[in-house]
Amino acid sequence: MTANYALNRILQSLVTLVLVSLVVFAGLRALPGDPAAAIAGVEADEAAVQAVREEYGLDQPLPVQYASWIGQVLRGDFGESTSTGLPIGDILLERIPVTLELALLSLLFAALIGLTTGVLAAVRRGGVLDWLGNGVSLFGLSIPNFWLGLLCVLVFAVWLGVLPASGFVPFAESPIENLERMLLPAFVLGSGLAAVLMRQMRSSMLDALTADYVRTARAKGAGGVRVVGVHALRNSLITVLTILGLQLGGLISGAVVTEQIFVLPGFGKLMVDAVFTRDYPVIQAAVLVSAVGYIAVNLLVDLLYSLVDPRIRVRGGTA
């Protein structure tokens, strides 16, 4: 990986992050209603509303408000929640690990099932594995997360009683109970991504298996496992990495629904609760942190491109 390639991608990500912060700041203030009135309460008089404006700096010009807010964020200070009075940074540190664990388990499930099924379906094109993989992927793409979540609760928690229906136990407190409560949410959240990865992996592998370099490798006597695992699979991962980066937004939005169904005290549930209570500082911080995570993952995917395909880092390094 060349230094120029990595530097170009990092600078692009920083510019994107600045633009995102502007959109988050402006978008929140474009919402209908007066934030100061919402914070003060419906029964507050004008003097109380004005006091809230002064306390949160809402009476200042927008450029001044943005500079003050972004300065606090850069120092790690997101302010305080208007509904609980707690520091938002502490709330995020408490909620984010839950969603990160859910997202990582979902990605692990999706990668194991989607990539394996996609490779087998491509290698056995037209066979039983191909038909079965396509059927499972169609099921995963067609079933909404909220319906699948409720169905899993009904079957595994109510009828069979083998898994808990809701709640969360930290991994450090009890690893077994933690995995028992995270298994169903991870399956629900990762099922749609597994279906997307399977279809994309199958398509990429079919293209790779008919390429000239694969025919050349077979002509030189390379075995089937080496042809598939070394030559075809590596070149098929470029598109799959793109899908993984783009699907992060789907995981975040899906986590909102999944955490509500399984009552997980995660980042998604925090955003929903903040919207219902009109906790503007929490909404602002949550959206910004989500955007930072999305940008960071896409930056990581860009850097992984150069490891999978050296031609990318050569072009990126000279651009």
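The residue count restarts for each chain, going from 1 along the sequence in the order it is written. Reporting in this predicted model follows two pLDDT cut-offs: at least 70 for local features of residues, and 80 or more for side-chain atom pairs to be given and counted; totals over whole chains, interfaces and linings ignore these cut-offs and use all residues. In computing side-chain values, all of the structure's heavy atoms are included and hydrogens and water are not.

1. Focus on the overall build of the chain
Numbering goes from the N terminus for both helices and strands, where a helix is a DSSP run of H or I of at least four residues and a strand is a run of E of at least two. A count of helices and strands for the chain gives 14 helices and zero strands. In the chain, the order of α-helices and β-strands from amino to carboxyl end is α-α-α-α-α-α-α-α-α-α-α-α-α-α. Here the chain holds 319 residues, and the buried ones make up 38% of them. Any two residues having at least one pair of non-hydrogen atoms within 4.5 Å are treated as being in contact. In the chain, 74% of the contacts between residues at least 6 apart in sequence involve partners at least 24 apart. Values of accessible area rely on a 1.4 Å probe in the Shrake-Rupley scheme; residue burial ignores everything except the protein chains shown. A total of about 17,200 Å² of accessible surface is found on the chain, and carbon and sulfur atoms cover 67% of it. For the purpose of counting charges, residues Lys and Arg are taken to be positive, whereas Asp and Glu are taken to be negative. His and the chain ends are not included. We put the charge of a Lys on NZ, of an Arg on CZ, of an Asp on CG and of a Glu on CD. Of the side-chain charges in the chain, 20 are positive and 23 negative, and the distance between the mean point of each set is 23 Å. Burial classes follow relative accessibility: with a 1.4 Å probe on protein chains only, a residue under 20% of its type's maximum area counts as buried, one over 50% as exposed, and anything between as partly exposed.

2. Some remarks on a nonpolar patch on the surface
Think of a patch as exposed residues, more than 30% relative accessible area, with no salt bridge, where like charges cluster within 9 Å and nonpolar side chains (Val, Leu, Ile, Met, Phe, Trp, Tyr) cluster within 5 Å. What counts as a salt bridge is simple: a side-chain nitrogen of Lys or Arg found within 4 Å of a carboxyl oxygen of Asp or Glu. A cluster of nonpolar side chains, contributed by Phe 146, Trp 147, Leu 150, Leu 151, Leu 154, Phe 156, Val 158, Trp 159, Leu 160, Val 162 and Val 257, occupies part of the molecular surface with about 1,100 Å² of accessible area. With eight residues, the top contributor of residues to the nonpolar patch is helix 7 (residues 145–159). Inspection of the secondary structure puts Trp 159 in helix 7.

3. Considering the environment of Leu 22
Position of Leu 22 among the secondary structure elements: in helix 1 (residues 3–29). Note: C-alpha distance between Leu 22 and Asp 212 (190 residues apart in sequence) is 48 Å.

4. What about the packing of aromatic side chains?
We describe a pair of aromatic rings using the distance from one ring centre to the other and the angle between the two ring planes. Aromatic pairs are defined between Phe, Tyr and Trp rings, using the six-membered ring for Trp, whenever the two ring centres lie within 6.5 Å; interplanar angles under 30 degrees are classed as stacked, those over 60 as edge-to-face, and all others as tilted. All chains considered together, the criterion is met by four aromatic pairs. Here Phe 25 and Tyr 66 contribute two aromatic rings whose centre-to-centre distance is 5.4 Å and whose plane-to-plane angle is 75°, an arrangement assigned as edge-to-face. Of the two residues, Phe 25 is situated in helix 1 and Tyr 66 in helix 4 (residues 62–74); the sequence distance between them amounts to 41 residues. Exposure remark for Tyr 66: the relative accessible area of 17% places this residue in the buried category. When the centroid spacing of 6.0 Å and the interplanar angle of 25° are considered together, the rings of Phe 25 and Trp 69 count as stacked. One end of the pair, Phe 25, is in helix 1; the other, Trp 69, is in helix 4, with 44 residues separating them in the sequence. Note on Trp 69: relative accessible area 9%, which makes it buried. Ring pairs connect the aromatic residues Phe 25, Tyr 66 and Trp 69, which therefore count as one cluster.

5. Thoughts on helix 12 (residues 267–277)
Taken as a whole, helix 12 has its buried residues at Phe 267, Gly 268, Leu 270, Val 272 and Ala 274. Taken from the residues just after helix 12, Arg 278 is the one with a positive phi, measuring 55°.

6. Side note on the nonpolar core
Nine residue types can take part in a nonpolar core, namely buried Ala, Val, Leu, Ile, Met, Phe, Trp, Tyr and Cys, and a core is a set of them joined through side-chain atoms within 4.5 Å. Leu 102, Leu 197, Met 205, Leu 209, Ala 232, Phe 262 and Leu 264 are the most contacted members of the largest nonpolar core, which has 36 residues in total. When residues of this core are traced back to their parent elements, those giving at least two are helix 5 (88–123), helix 7, helix 8 (175–209), helix 9 (212–219), helix 10 (224–246) and helix 11 (248–262). A total of 13 residues in this core trace back to one element, the largest contributor, which is helix 8. If we ignore the near neighbours within four places in the chain, the residues touching Met 205 are Val 119, Ala 122, Val 228, Ala 232, Leu 233 and Ser 236. Judged by nonpolar contacts, the second largest core, of 22 residues, contains Phe 78, Ile 88, Phe 267 and Ala 291.

7. Some remarks on the packing of helix 7 against helix 8
Between two packed helices, what matters for the description is the angle formed by their axes and the separation of those axes. For the pair helix 7 and helix 8, interaxial distance at closest approach is 9 Å and the crossing angle is 150°. The two elements helix 7 and helix 8 meet at a crossing, and its hand is right-handed. Contacts between helix 7 and helix 8 involve Asn 145, Leu 148, Gly 149, Cys 152 and Phe 156 on the former and, on the latter, Leu 184, Phe 187, Val 188, Leu 189 and Ser 191. As a working rule, the residues Ala, Val, Leu, Ile, Met, Phe, Trp, Tyr, Cys and Pro are called nonpolar, Asp, Glu, Lys and Arg charged, and the rest polar, with Gly in that last group. Of the residues that constitute the contact of helix 7 with helix 8, the class distribution is seven nonpolar, three polar and no charged. Only the contacting stretch of a helix is used when fitting its axis, a line to C-alpha atoms as for every element, and angles between N-to-C directions run 0 to 180 degrees. Here a crossing is called left-handed whenever its near helix is offset anticlockwise from the far helix by less than a right angle, and right-handed whenever the offset is clockwise.

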